[in-house]
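Fold and contact review
Now for the letters of each chain:
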Amino acid sequence: MAVSIARTVQALRAAVSGWRAEGLSVGLVPTMGALHDGHISLVRAGLARTDRVIVTLFVNPKQFNSPADLAAYPRTEESDAAKLAVAGAHLLYAPDAEAIYPQGFSTTVSVDGASEGMEGAFRPGHFDGVATVVAKLFLQSGADCAFFGEKDFQQLHVVRRMAHDLDIAIEVIACPTVREADGLAMSSRNVRLSPEERALAPRLAAVLFDAAEKLAAGAAAAPLLADARNALGRAGFGAVDYIELRSQATLATLERASEPARLLAAVWLGEVRLIDNVAVAPAS
Ligand code: PAF
């Protein structure tokens, strides 16, 4: 059966009110479309935990730094809807721009701390765009839980902080990164890699996993991260925007894996910017 589509806040709220009247819980999976198995894993997590799952599809102009990146972002609503029908999602909320940013829209949600450094440093304003649209999606849907992938680990922190600070009664649930068989983290941007770039791309995850193992064995971060940068350069990647060891709980910079940590990186491959992160066990 085809998935129902809502394009206005009114249609979204009517669906949710109906479910609420039946005493059903509601999960939300925010996306920008071009759905892959990573997104579908979020839908599955939603179905396992809530009675009804809404997937949102909105390519949010406010979180893009470059008009070229926004224009190149894949838009595949028809096949997305077909995938959601197979996965068993209950509603696709694909609002038109007017439903999210009506004429005169003047509010920005800005999250200090979690938005700073890494993606925040290289994509100024990106997290303001994310926090603003996600706050709207949370408030428009009134969902009980929202499901986000750990691939965008800093985004997860930003969204959690925003929901907590604004007293939005929604539980933000982190779901593991889904990888291709060769280790590449799934991303809607991967379709833009040339065959040669696609062949090289999994080296990013390999370098991160290798460094994570050494950090877990007690290595100091600075020399190891410098080696990882060099290894990526030698492999054929372009600029490494960052590669950093951060606390999993607070995102504070760490000199060693003195607590559960994450190794996070952003690196260019041709015209495509890949981001990835891996867990680092605390060194004993
Ligand atoms: O992760 C994404 O796809 C986007 O940043 C999100 C959370 C859907 C907000 O536009």
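On a predicted model such as this, the values are computed, not experimentally measured, just so you know.

Calculation criteria
- Residues numbered from 1 in each chain as written.
- Predicted model: local features only at pLDDT ≥ 70, side-chain atom pairs only at ≥ 80, totals over all residues.
- Heavy atoms only, no water.
- Near = heavy atom within 4 Å.
- Polar contact = N/O pair within 3.5 Å; in protein donor to acceptor, adjacent residues only side chain to side chain.
- Areas by Shrake-Rupley, 256 points an atom, 1.4 Å probe, with all protein chains shown as cover.
- Helix = DSSP H or I, 4+ residues; strand = E, 2+ residues; numbered from the N terminus.
- Nonpolar A, V, L, I, M, F, W, Y, C, P; charged D, E, K, R; others polar.
- Buried < 20%, exposed > 50% of the residue type's maximum accessible area, 1.4 Å probe, protein only.
- Lys, Arg positive; Asp, Glu negative; His and termini not counted.
- Salt bridge = Lys/Arg side-chain N within 4 Å of Asp/Glu carboxyl O.
- Contact = heavy atoms within 4.5 Å.
- UniProt positions renumbered as here; feature names shortened; annotations may be inferred.
- Pairing = 2+ DSSP bridges.
- Axes fitted to C-alpha atoms, helices over the stretch in contact; angles between N-to-C directions.

Observations regarding the site of the ligand
Pro30, Thr31, Met32, Gln63, Val133, Val134, Phe148, Asp152 and Gln155 make up every residue found near the ligand. In this structure, Gln63 approaches the ligand through a side-chain N or O atom, which is 2.6 Å from an oxygen atom. A distance of 2.7 Å separates an oxygen atom of the ligand from a polar side-chain atom of Gln155. Protein chains bury 90% of the 290 Å² of accessible surface belonging to the ligand in isolation. Sorting the residues of the shell around the ligand by element identifies β2 (26–31) and α7 (126–141) as the ones contributing at least two each. Residues that form the shell around the ligand fall into these classes: 5 nonpolar, 3 polar and 1 charged.

What about the side chain of Asp80?
Looking at the secondary structure, you find Asp80 in helix α4 (residues 77–87). This buried residue, Asp80, is left without a salt bridge; Lys83 holds the nearest opposite charge, at 4.9 Å. If we skip the residues at most four places from it in the chain, Asp80 touches Gly33, Ala34, Leu35 and Leu57.

What to know about the UniProt feature "binding site: (R)-pantoate" (unreviewed entry) in the chain
As annotated by UniProt and renumbered to match this structure, "binding site: (R)-pantoate" (unreviewed entry) occupies Gln63 and Gln155. These annotated residues cover 93 residues of sequence, but their C-alpha atoms sit close together, with the largest distance between any two at 11.4 Å. Within the secondary structure, Gln63 is located in the loop between β3 (52–57) and α3 (67–72). Ignoring sequence-local partners within four residues, the contact set of Gln63 consists of Met32, Arg123, His126, Gly129, Val130 and Val133. Note that Gln155 resides in helix α8 (residues 153–165). If we skip the residues at most four places from it in the chain, Gln155 touches Phe127, Val130 and Phe148.

Regarding the pairing of strand β9 (residues 272–280)
Within β9, 8 of the 9 residues are buried, which leaves the element mostly enclosed by the surrounding structure. With 9 bridges joining them, strand β8 (residues 261–269) and β9 adopt antiparallel strand pairing. Looking at β9, one finds that Ala266 is bridged to Ile275. Adjacent in sequence and paired antiparallel, β8 and β9 are bridged by 2 residues, among which Gly270 carries a positive phi angle near 60°.

So, the sheet that holds strand β7 (residues 240–247)
Sheet architecture is open: 3 strands sit in the order β7-β8-β9, paired in antiparallel fashion. A single partner strand is all that each edge strand has here, and the edge strands are β7 and β9. Averaged over neighbouring strand pairs, the angle between their axes works out to 10° when direction is ignored. Here helix α11 (residues 221–235) sits on the sheet and contacts β7 and β8; the angle it forms with β7, its principal contact strand, is near 150°.

Digging into the UniProt feature "active site" (unreviewed entry) in the chain
Here, UniProt's "active site" (unreviewed entry) annotation points to His39. A relative accessible area of 13% means that His39 is categorised as buried.

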